[in-house]
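Fold and geometry: a report
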Amino acid sequence: MKREGPHTLGVVRPRDAAAQVYLAASLALSFAVPAVADDPALTLWFDHPAQDWETESLPIGNGALGAAVQGGVVRDTLQFNEKTLWTGGPGSRENPAAGYDYGIPTQSRVGELAAVRQQLKEKGALKPEDVAGVLGNKITAYGNYQSFGDLVLAFPAADSVSDYRRSLDLSNATARVSYRADGVHFSREYLASYPDEVIAVHLSADRPGSINFSAHLQVPDNRSAEVHTRGKRVTINGQLHDNGLAYETQLQVITEGGAVQTAENGTLTITGADRATLLLAAGTEYAAEYPQYRGQNPHRMVQARLDRASRKAASDGYPVLRAAHVADYRNLFARVDLSLTSNAIQNPPPIDRWLENYAGGHGQFDRALEQLYFQYGRYLLISSSRDGSLPANLQGVWNNSATPPWNADYHANINLQMNYWPAEVTNLAETTGPLFDFVDSLQAPGGVAAEKLLGARGWTLFLNTNIWGFTGVIDWPTAFWQPEAGAWLADHYYEHYRFSGDEKFLRERAYPVMRGAAQVWLDSLIKDPRDGRLVVSPSYSPEHGDFTIGAAMSQQLVRELLHNTRDAATRLGDTAFASELNIALEYLDPGLRIGKWGQLQEWKQDLDDPENQHRHVSQLYALFPGDEIGHHTPALFDAARTSLNARGDAGTGWSRAWKISLWAHLDDGDRAHKILAAQLKDSTLPNLWSTHPPFQIDGNFGATAGIAEMLIQSDDHAIQLLPALPSTWPTGHITGLRARGGVTADMHWREGKLTRAQLYVHSDRDIQIQLPDNSQHNLADYTLREVGSQKILALTGKGNRRSFSARAGTRYLLSRNNQNSAAGQG
Ligand code: FUC
């Protein structure tokens, strides 16, 4: 775990005034409920308990733990998860004879691979079923992400219930249920604390002695379960039947006033309390270590966590636990503020109605919903990806099923990557820690996979992975062969370096992974007999068409990886490897071709059908998230637009989300916004979870990234401010976005024009600023000042792209001339 030492109240940064207000308000908690009012612009609320887990849960999480707030008045079920509770893997009894093989066949498949390559040389294309018949692998014991269980709270029936509200406030990552029953106002607050490693539920009422309820833990029957009680604590532990994975969860109640009874069956009964706090910890013996993936029995860890949190809550009270959580969360969340409305929304409708009434972005409520949806993506990422646990899976950390869709695993032909698209640009770089730890842990099995399946050195994976080092292949023809997945994941490391400029990270973390991923391709690219270029074979454009040689996405991904690795090798003095990469790059087919109807070709041959509206738009990788196509490549830029137009604006959740970023990179803010609107109308559930369908979280993350890409873009060439501002967002501001090269940017705009931008630069460098080439903007009308000294700096260059030399640790203000100060407020 990479913690910076104990998180205490001291982590409240003095400049984070809001956190201090929360702290003060929490400490002043009295019988008046709710203690802290929700921030209306950042709150999702329902006027009823969840009637359906998928569409109405309100999620909380601390990365490792997640919970879905249902909020029933008489029976409240808090379904919870811990990321490492999976069936399958080593020791699975699914098919004892076959066992678990990481998807990697015992015998090398290099001979079969050579045969497929030969056939492709001869025929040019092969049906996916035929390739899967030769290279696919019947798998067993892949496993599924599991629900850990439910914390069930039972309350006395009430004659009259009114004012019911179930809400989630993104400004402080707390959920709340409140209602009036028989004249008493009750409140339950739910949070998942990262610093204290527990889920907490705090129950209060405005009349002393009125907290009466029972609480028990319930776990699914696919495991052994022993119940132990000690004082006001209940423990359930056992092993999953499938793979023997040891798990444990503990629940503690702390009350003020009243009495607690602990029954042997594990039910805690609380009577006549003024307030009560429930604390829950959970874990398994999982360790991310190939080949066994087992560590210590979780008992001590779970016990220690709950002991620590309980001591804190018992001596200092729940407000202190809450304040530490809020401070920790806001340290990440509060970095970015987006405003698309001129007045903050005061009384938003319940989220299901708000979404239903959403009419495509016209009017304050629509824009406020878009704003909320953007921040929800950031909230979900913070809640499902924190250091010390696994990365966000297809459902983040939230799953209530024993057989979730796609096993709730990690798909790496776009989905896992998309989960992390918002991380850097929306200033949540810390959330990438679990992704890098996870990909690091794939090096060992991924090395065996590369050797057995490709006959290559280095490491890779082929499409999907679980928590058990699955790096081999499945046998589903539609998607089983994507060995470029390793290249794509390795590029995330380099992106982290490009945004942060962190040389130590490049040397110690990024480079070894990138080098291994690149090695695979040095060993397995082949020479295309047609033109002598180096190509990927067999190559498959996700998840349609035939297998061919050198499809666009394969080539683009490999080229980006070799390119980045070459740059890193040169920087780090690995010159021999840098020259090997240079030679390969010289002969590598770049996967960028313009076809007969002006499209960007998806395959090396000109096979594209203008009627094809498949959800994957893989040939556009080079436009986004790659940056090979941009203003610097005008012909390819136009071809990308032609292809994207033909593909249409529809799609599943993640597919629409990708298209938001793609249109943003084609400078078309209105088109990006049109897709965002469709995303909200047709690919979003009432609780704002994205739906494929079913619920799949990548669409949330991809859309949040898309909104950021509408407002800022950066590459080695320039930082583009407001590159794709839609006409429906005439006035607004965003603070705290990040650009490559260690820059943090705030922007204010009015009537579609940038009024001012502030850039905080973290290292000495030349910065090129680019404003949109439209009639609204002329960079000559702006003045650049150093904040503090007020010194005016010259911008050199022409048109809307000009540069200046920036100094580390300095803020620069770019403001539109002839504006009175009010106009600058945006
Ligand atoms: C990719 C997509 C599917 C689905 C799956 C989890 O294979 O093409 O649509 O999202 O991932």
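Since the structure is predicted, the reported quantities are computational estimates derived from the model, not experimental observations.

On to the environment of Asn687. Mapping Asn687 onto the fold places it in the loop between helix H19 (669–682) and helix H20 (698–711). Look at Asn687 and you get buried, because its relative accessible area is 0%. In this structure, the C-alpha to C-alpha distance between Asn687 and Trp53, residues 634 residues apart in sequence, is 9.8 Å. Each residue touching Asn687, except ones within four places of it in the same chain, is listed here: Leu44, Phe46, Trp53, Glu54, Thr55, Glu56, Ser57 and Tyr376. Of the polar contacts made by the side chain of Asn687, one reaches the backbone oxygen of Glu54; its length is 3.3 Å. Looking at Asn687, its side chain comes within polar contact range of the main-chain oxygen of Ser57, at 2.9 Å.

This part is about the site of the ligand. Leu394, Trp406, His411, Asn413, Asn415, Glu543, Arg615, His616, Trp654, His692 and Gln696 make up every residue found near the ligand. A distance of 2.9 Å separates an oxygen atom of the ligand from a polar side-chain atom of His692. Contact between the ligand and Gln696: an oxygen atom at 2.9 Å from a side-chain N or O atom of the residue. Among the residues making up the shell around the ligand, the classes are represented as three nonpolar, six polar and two charged.

Orientation of helix H5 (residues 299–316) relative to helix H6 (residues 318–333), taken along the N-to-C sense of each, is 125 degrees, at an axis distance of 6 Å. Taken together, the axes of H5 and H6 lie oblique to each other. Within the contact between the two elements, H5 uses Ala309, Lys312, Ala313 and Asp316 and H6 uses Tyr318, Val320, Leu321 and Ala324. Here the contact of H5 with H6 is composed, by residue class, of six nonpolar, no polar and two charged.

Moving on, we come to the sheet that holds strand S4 (residues 75–82). Taken together, seven strands build an open sheet; the order of strands is S2-S3-S4-S5-S10-S15-S14 and the sheet is antiparallel. In this open sheet, the two strands that pair with only one neighbour each are strand S2 (58–61) and strand S14 (259–262). Strand-to-strand twist of the sheet, defined as the mean angle between neighbouring strand axes without regard to direction, takes the value 20 degrees. Both strand S5 (residues 149–154) and strand S10 (residues 211–218) contribute to a ladder of five bridges, which runs antiparallel. Counted as the bridge partner of Val152 is His216 from S10. Against the sheet, helix H8 (residues 364–384) engages S2 and strand S3 (65–69), with an angle of about 45 degrees to S2.

Attention shifts here to the domain arrangement of the protein. You can read the domains of the protein as domain 1 (17–87 + 147–334) and domain 2 (742–825). Between the C-alpha centres of domain 1 and domain 2 there is a distance of 46 Å.

Glancing now at the packing of helix H11 (residues 433–441) against helix H13 (residues 485–500). The relative placement of two packed helices comes down to the angle between their axes together with the axis-to-axis distance. Where H11 contacts H13, the axes come no closer than 10 Å and their chain directions differ by 140 degrees. Classified by the angle between their axes, H11 and H13 sit oblique to one another. Here the hand of the crossing between H11 and H13 comes out left-handed. Residues Leu435, Phe436, Val439 and Asp440 of H11 lie in contact with H13, whose contacting residues are Leu489, His492, Tyr493 and His496. Looking at side-chain class alone, the contact of H11 with H13 contains five nonpolar, two polar and one charged residues.

Time to look at helix H16 (residues 575–587). Under the 1.5 Å per step criterion, the end-to-end length of H16 is 19 Å for 13 residues, consistent within 8% with the ideal 18 Å. Buried residues in H16 make contact with helix H14 (503–524), strand S21 (534–535) and helix H15 (552–572).

Further remarks concern the confidence of the model for the protein. Looking at the protein as a whole, the pLDDT averages 94, with 95% of positions reaching at least 70. In the predicted structure, residues 1–35 sits below a pLDDT of 50 and forms 58 contacts with residues beyond four places in sequence or in another chain. Counting contacts from residues 820–826, a segment whose pLDDT is below 50, to residues more than four positions away or on other chains yields 15 contacts.

To continue, consider the side chain of Asp491. Secondary-structure assignment places Asp491 in helix H13. No salt bridge forms around the buried Asp491; measuring N to O, its nearest opposite-charge neighbour Arg498 is 8.0 Å away. Aside from chain neighbours lying at most four places away, what touches Asp491 is Leu557, Glu560, Leu561, Asn564 and Tyr621.

Before going further, it helps to spend a moment on the environment of Asp475. Position of Asp475 relative to the elements: it lies in the loop between strand S19 (464–465) and H13. Under the relative-accessibility criterion, Asp475 is labelled partly exposed at 32%. With 143 residues separating them along the chain, Asp475 and Ser618 place their C-alpha atoms 21 Å apart. The contacts of Asp475, once residues within four sequence positions are left out, are Ala132, Gly136, Asn137 and Lys138.

Most peptide bonds adopt trans geometry, and most residues besides glycine take a negative phi value. A cis amide bond links Ser537 to the next residue, Pro538, at an omega of -5 degrees. Structurally, the position occupied by Pro538 is in the loop between S21 and H15. Even without being a glycine, Asn407 presents a positive backbone phi close to 65 degrees. For Asn407, the location among the structural elements is in the loop between H8 and strand S18 (410–411). The residue Glu751 is not glycine, and still its phi comes out positive at about 45 degrees. As for its position among the elements, Glu751 is in the loop between strand S25 (743–750) and strand S26 (753–761). Residue classification places Glu751 among the exposed positions, given a relative accessible area of 57%.

Criteria and cut-off values
- Residues numbered from 1 in each chain as written.
- Predicted model: local features only at pLDDT ≥ 70, side-chain atom pairs only at ≥ 80, totals over all residues.
- Heavy atoms only, no water.
- Helix = DSSP H or I, 4+ residues; strand = E, 2+ residues; numbered from the N terminus.
- Buried < 20%, exposed > 50% of the residue type's maximum accessible area, 1.4 Å probe, protein only.
- Contact = heavy atoms within 4.5 Å.
- Polar contact = N/O pair within 3.5 Å; in protein donor to acceptor, adjacent residues only side chain to side chain.
- Near = heavy atom within 4 Å.
- Nonpolar A, V, L, I, M, F, W, Y, C, P; charged D, E, K, R; others polar.
- Axes fitted to C-alpha atoms, helices over the stretch in contact; angles between N-to-C directions.
- Parallel < 35°, antiparallel > 145°, perpendicular 65-115°, else oblique.
- Pairing = 2+ DSSP bridges.
- Domains from an automatic or database assignment.
- Left-handed = near helix turned anticlockwise from the far one by under 90°.
- Expected span 1.5 Å × (residues − 1).
- pLDDT = per-residue confidence, 0-100.
- Lys, Arg positive; Asp, Glu negative; His and termini not counted.
- Salt bridge = Lys/Arg side-chain N within 4 Å of Asp/Glu carboxyl O.

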